[in-house]
Amino acid sequence: MNWFSKFITSSIGKKLLMSLTGLFLILFLIVHLAGNLSLLSSDGGKAFNVYTDFMSNNPVIQTIAKGNYFFILLHAILGIALAVRNKQAKGGKYAVSPKNNTSWASNNMALLGTLIFAFLFMHMGHFWFQFKFGSGLPMTTIDGVEMIDAYAKVSAIMSEPIWVIAYLIGLAVLAFHLWHGFASAFQTLGLNHKKYTPIIHAVGKVFSIAVPAGFAVLPLYLYFN
Amino acid sequence: MRLTLKVWRQKNGNAKGSLETHQVEADEHMSFLEMMDVLNQQLVEDKKEPVAFEHDCREGICGSCNMVINGRPHGPMQGTTTCQLHMRHFKDGDTIVVEPWRAKAFPVIKDLVVDRSAFDRIIQSGGYVSVNTGQAPDGNSIPVEKDLSLMAMDAATCIGCGACVAACPNGSAMLFTSAKVSHLGLLPQGQVEHKKRTQSMVAQMDKEGFGMCSNVGACEVECPKEISIENIARMNRSYIGSVLSTDK
Ligand code: HEM
Ligand code: SF4
Ligand code: FES
């Protein structure tokens, strides 16, 4: 295993971990958004409740969820560690701050990531923690199965402007993180070529706007209905 | 043209440095280094210590004229070293701030001069190819595909100046190292050591304390030889591939 620890602790190895965990989180975002869109079906929350019930009780999903928590933690801890190391490696500051046309997001990934991490605490506190450990949860019966009325819970949170605004800010931060992160992950993997890199960049820009915007529709929809 | 220069002065590596202000009368046909020469002449005449800065070829090929000018390594012009930068790109009355490269792995020796021997050690760790001794081989005896040779030659234009490290917010040397790995690794002559070379140059780069690449891209913007970060991707895949395909 010596070669492995040497590989994974090298600069490129660590960046490889950032890239792979980041890409996994991107996949997670797609699945999470696809499921949450069921909030939009005007059926009093039936579709959403069935979906949440399935997600919280299916053993395969639960195993993937554990992996997901692990990858978020790995990505976050490693990301912060790299940012600290990189700051040390820079050593000093210029009297005139560098002006070049690199993106703001690329220069502030650790700040954006930390904000996402804070957002996740709020988000988990609102839902995951409540569903796992909360008491007095609203219940509903769908097709003879009793389950948590997750729809009622989400609607209650999203009826308060403060939370709607907090979610919108969190999603904007995510958009910036992905604005750089999506394409960056492929460059880290060594995938850069005239033929497909422009496509990766274009897909990355669309993704970084469309996915957070897709999520943002949900609190707004619930708030205004 | 009359200029106000704010130049970084630092006695030695341990001293605390600061910006020192001077007035200089320059000519728009001068190169930036000639303007610095005027400043130093002035300082010598005033019996003051001239500003230490590195320079050698003054034709854009040695990579020693390293200064951060108004926040940009090698100044405001694209694909230009400081020695090739002309004063006509500045205006009469401008204030110009001149600082040394900033990176932990490039400690300041004096004023604008930094120690770039970390780059030499990266080269020593693998920047060579094996050749047969004896008679000089026939030119063109090894076929090289034209596109590959062009790519290798593009990478080979890296002059090892370190502007990439200076520009990088992480003080990363990935652009330099990847240019060296690419220029040798793309050619058939460089194949013998390619995998070993990639691994040892990356290991040496890490050991020197350079930061890790976040793909910000400031390096390729500031590189006077316009080396592309495609080289970094190439080095990443060579590195990952070489680790997974060698016994060590
Ligand atoms: C859903 C959440 C997240 C997604 C989809 C995501 C995705 C990504 C992606 C794709 C990258 C690019 C990797 C690369 O350059 O190779 C990245 C980089 C990064 N992420 Fe995240 N991330 C998320 C959350 C976080 C969190 C919570 C943190 C930290 C607290 C964080 C910190 C970072 C940092 C510091 C980098 C830059 C690493 C570097 O280039 O040196 N991210 N992220
Ligand atoms: S890659 Fe460019 S900026 Fe970096 S050392 Fe080579 S020539 Fe200088
Ligand atoms: S003095 Fe040689 S590159 Fe400028």
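Residues numbered from 1 in each chain as written. Chains lettered and ligands numbered in written order. Predicted model: local features only at pLDDT ≥ 70, side-chain atom pairs only at ≥ 80, totals over all residues. Heavy atoms only, no water.

**Thoughts on the overall build of chain B**
Turning to step 1, where the next piece is worked out: Within chain B, the regular secondary structure consists of eight helices and seven strands.
Turning to step 2, where the next piece is worked out: The principal-axis extent of the C-alpha atoms belonging to chain B is close to 60 × 35 × 35 Å.
Turning to step 3, where the next piece is worked out: Counting over 248 residues, chain B shows a buried share of 55%.
Turning to step 4, where the next piece is worked out: Excluding contacts between residues fewer than 6 apart, the proportion of contacts in chain B whose partners are at least 24 apart in sequence is 68%.
Turning to step 5, where the next piece is worked out: For chain B, the exposed area adds up to about 11400 Å²; of that, 50% sits on carbon and sulfur atoms.
Turning to step 6, where the next piece is worked out: Between the mean site of the 26 positive side-chain charges and the mean site of the 30 negative ones, chain B shows a separation of 6 Å. (Helix = DSSP H or I, 4+ residues; strand = E, 2+ residues; numbered from the N terminus. Buried < 20%, exposed > 50% of the residue type's maximum accessible area, 1.4 Å probe, protein only. Contact = heavy atoms within 4.5 Å. Areas by Shrake-Rupley, 256 points an atom, 1.4 Å probe, with all protein chains shown as cover. Lys, Arg positive; Asp, Glu negative; His and termini not counted. Charge placed at Lys NZ, Arg CZ, Asp CG, Glu CD.)

**A short note on the coordination of the iron atom of ligand 1**
Residue and element names in this part refer to chain A.
Turning to step 1, where the next piece is worked out: In this structure, His-75 (NE2) and His-177 (NE2) serve as the protein donors to the iron atom of ligand 1, at separations of 2.0 Å.
Turning to step 2, where the next piece is worked out: Viewed at the metal, the six donor atoms of the iron atom of ligand 1 are separated by angles of 87 to 179°, and the geometry they form is octahedral. Highlighted residues: His-75 in helix H4 (residues 59-90) and His-177 in helix H9 (residues 161-188), separated in sequence by 102 residues.
Turning to step 3, where the next piece is worked out: The exposure class of His-177 is buried, given its relative accessible area of 15%. (Donors = N, O, S within 2.8 Å, 3.2 Å for Na, K, Ca; no water. Tetrahedral: all angles 85-135°; square planar, octahedral: opposite > 155°, others 65-115°.)

**Some remarks on the domain arrangement of chain B**
All names here are of chain B.
Turning to step 1, where the next piece is worked out: Each domain of chain B was delimited in the assignment, giving domain 1 (2-99) and domain 2 (117-245).
Turning to step 2, where the next piece is worked out: Between domain 1 and domain 2 the total buried area reaches about 920 Å² when both faces are included, carbon and sulfur atoms providing 50% of it.
Turning to step 3, where the next piece is worked out: Taken as a group, Pro-73, Gln-78 and Gly-79 account for 42% of the area that domain 1 buries against domain 2, more than any other trio of residues on that side.
Turning to step 4, where the next piece is worked out: Joining domain 1 to domain 2, the criterion identifies one salt bridge.
Turning to step 5, where the next piece is worked out: Close ionic contact of Glu-222 with Arg-72 constitutes a salt bridge, the shortest N to O distance being 3.0 Å.
Turning to step 6, where the next piece is worked out: Across the contact surface, domain 1 and domain 2 share four residue pairs in polar contact (both at pLDDT 80 or more).
Turning to step 7, where the next piece is worked out: Residues of the side of domain 1 that touches domain 2, tallied by class, amount to three nonpolar, nine polar and one charged. (Domains from an automatic or database assignment. Buried area = accessible area lost by both parts, 1.4 Å probe. Salt bridge = Lys/Arg side-chain N within 4 Å of Asp/Glu carboxyl O. Polar contact = N/O pair within 3.5 Å; in protein donor to acceptor, adjacent residues only side chain to side chain. Nonpolar A, V, L, I, M, F, W, Y, C, P; charged D, E, K, R; others polar.)

**Describing unusual backbone geometry**
Turning to step 1, where the next piece is worked out: Located in the positive-phi region is Asn-70 of chain B, a residue other than glycine, with phi close to 50°.
Turning to step 2, where the next piece is worked out: Structurally, the position occupied by Asn-70 of chain B is in the loop between strand E3 (68-69) and strand E4 (72-73).

**Considering helix H6 (residues 109-126) of chain A**
All names here are of chain A.
Turning to step 1, where the next piece is worked out: If you check H6, its first and last C-alpha atoms are 25 Å apart, about what 18 residues at 1.5 Å a residue would give, namely 26 Å.
Turning to step 2, where the next piece is worked out: Of all the positions in H6, only Leu-112, Ile-116, Phe-119 and His-126 are classed as buried. Viewed along the axis of H6, the buried residues span an arc of 65°, placing them on a single side of the element.
Turning to step 3, where the next piece is worked out: Where H6 is buried, its residues touch helix H5 (104-107), helix H7 (128-133), helix H8 (150-157) and H9. (Expected span 1.5 Å × (residues − 1). Arc of directions from axis to C-beta.)

**Overview of the sheet that holds E3 of chain B**
Residues and elements named next belong to chain B.
Turning to step 1, where the next piece is worked out: If you trace the five strands from one edge of the open sheet to the other, you get E2-E1-E5-E3-E4, paired in mixed fashion. Each edge of the open sheet carries a strand with a single partner, namely strand E2 (18-25) and E4.
Turning to step 2, where the next piece is worked out: Relative to E4, E3 is paired through two bridges, and the arrangement is antiparallel. For Ile-69, the partnering residue across the bridge sits in E4 and is Arg-72. (Pairing = 2+ DSSP bridges.)

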